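Architecture and fold: a report
For reference, the chains in residue letters:
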Amino acid sequence: MFIDSHCHLNYKGLIEDQPAVMARARAAGVSTMLNISTRESEWDAVIATAERSADVWATVGIHPHEADAHPDVDTARLVAKAAHPRVVGIGESGLDYYYDHSDRARQQTSFRAHIAAARETGLPIIVHTRDAEADTAAILAEEMGKGAYSGVIHCFTASGDFADKALELGLFISISGIVTFKNARDLQQTAARLPADRLLIETDSPFLAPVPNRGKTCEPAFVVDTARFLAELRGERLEVLAERTSQNFRTLFSKAVA
C-alpha cells in the first residue's frame, strides 16, 4: 500500500469529481491521502473532506504565495485550528522567491509563525521552498535552535546540499512526480541517495503528473508511478519502498496513527 503525503483534493481539477478521484486512488493501492491547505478560506473544506473519509487527513496552513493576504494568521490561530482531530500537520508554508507573489519579509514572518505552531502542537510542518534555499535553510536552523520541531520538505527540487542540511535538522524529504522528468537529473541523483528512513512520496496533485501521465491532471493514484520510478532509481523492490515510505509517514504524522 502507498501513501500520498501531499495532495490538494479540494483544488480545481480534483474537487469536481472528488469521490471518483479518491476511488481510483484506493483501487491503485493508495491507503492514505494527506489533503493540504494553502489559505484560511479553504481550511474548513479541507478538513470536511477528511471528516468524510477515514483514509484522508488534513493540514492547516498558508502557502507563501498567500502570505500577504493573511497577515492575521499567526501561531495562535494555527494552533487553535490544528486541535481538530483530523488535522495532522501544519502547512504548507515556506518561501517562494520564484514568483514573489508575496513580500519576502512577510513570507518569512509567516513561515516562522508556522514553525512555532508546529513546535507548540507537536505536529510536523510541511515546507514549500522554491528559489529560496539559503533563507529557508537559515530559518529552519534558527528556529530549530529555539526548540525542536518535526517537518518535511515537500515536492523536493532543491540541491543536494540543501537536502543534507534538512536531513541534519532531522527533517524528512518528499519526492514528487518531478523525479520522473527527463530534465530532473540532479534531483534523481539526490533522490537515489536519500536515507530510506527519511523518505516520503507525494503527488502534489492536481499538479506535476509523473511519467507516464504527463499532460494529465495529476491525482493521488499517480503516486504509484512515482514510487515505481523511485524504487528502480534506488535499486529497491517496489514493495519495500512502499512499506518504508508508508512507515515514515506514520512516524512523522503520528497523530494520524493515534
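Our subject is the structure that appears above.
Since the structure is predicted, the reported quantities are computational estimates derived from the model, not experimental observations. (Residues numbered from 1 in each chain as written. Predicted model: local features only at pLDDT ≥ 70, side-chain atom pairs only at ≥ 80, totals over all residues. Heavy atoms only, no water.)

Attention now moves to the overall build of the protein chain. Secondary structure summary: the protein chain contains ten helices and eight strands in total. In terms of overall dimensions, the protein chain is globule-like: its C-alpha atoms have a radius of gyration of 17 Å, near the 18 Å expected for 258 residues. Counting only C-alpha atoms, the protein chain reaches 45 × 40 × 35 Å along its principal axes. For the protein chain, buried positions account for 57% of its 258 residues. Restricting to contacts in the protein chain with at least 6 residues of sequence separation, those with at least 24 account for 72%. Approximately 10,500 Å² of the protein chain is accessible, and the part contributed by carbon and sulfur atoms is 50%. (Helix = DSSP H or I, 4+ residues; strand = E, 2+ residues; numbered from the N terminus. Rg over C-alpha atoms; globule rule 2.2 N^0.38 Å. Buried < 20%, exposed > 50% of the residue type's maximum accessible area, 1.4 Å probe, protein only. Contact = heavy atoms within 4.5 Å. Areas by Shrake-Rupley, 256 points an atom, 1.4 Å probe, with all protein chains shown as cover.)

Attention now goes to the nonpolar core. Residues Leu140, Phe156 and Ile175 are the most contacted members of the largest nonpolar core, which totals 65 residues. Looking at this core element by element, the count peaks at five residues for helix H8 (residues 223-234). Core analysis: the second largest hydrophobic core is formed by 13 residues, Val88, Ile126, Val152 and Phe253 among them. (Core = buried A, V, L, I, M, F, W, Y, C linked by side-chain atoms within 4.5 Å.)

The next thing to look at is the packing of helix H2 (residues 43-52) against helix H3 (residues 75-82). At their nearest, the axes of H2 and H3 sit 12 Å apart, and the two run at 25° to each other. By the angle between their directions, the pair H2 and H3 is classed as roughly parallel. Read as a crossing pair, H2 and H3 show a hand that is right-handed. Note on element contacts: H3 touches H2 through Arg77, Leu78 and Lys81, opposite Trp43, Asp44 and Ile47. Split into classes, the residues belonging to the contact of H2 with H3 amount to three nonpolar, no polar and three charged. (Axes fitted to C-alpha atoms, helices over the stretch in contact; angles between N-to-C directions. Parallel < 35°, antiparallel > 145°, perpendicular 65-115°, else oblique. Left-handed = near helix turned anticlockwise from the far one by under 90°. Nonpolar A, V, L, I, M, F, W, Y, C, P; charged D, E, K, R; others polar.)

The quantities given are spatial measurements derived from coordinates; they are silent on function.
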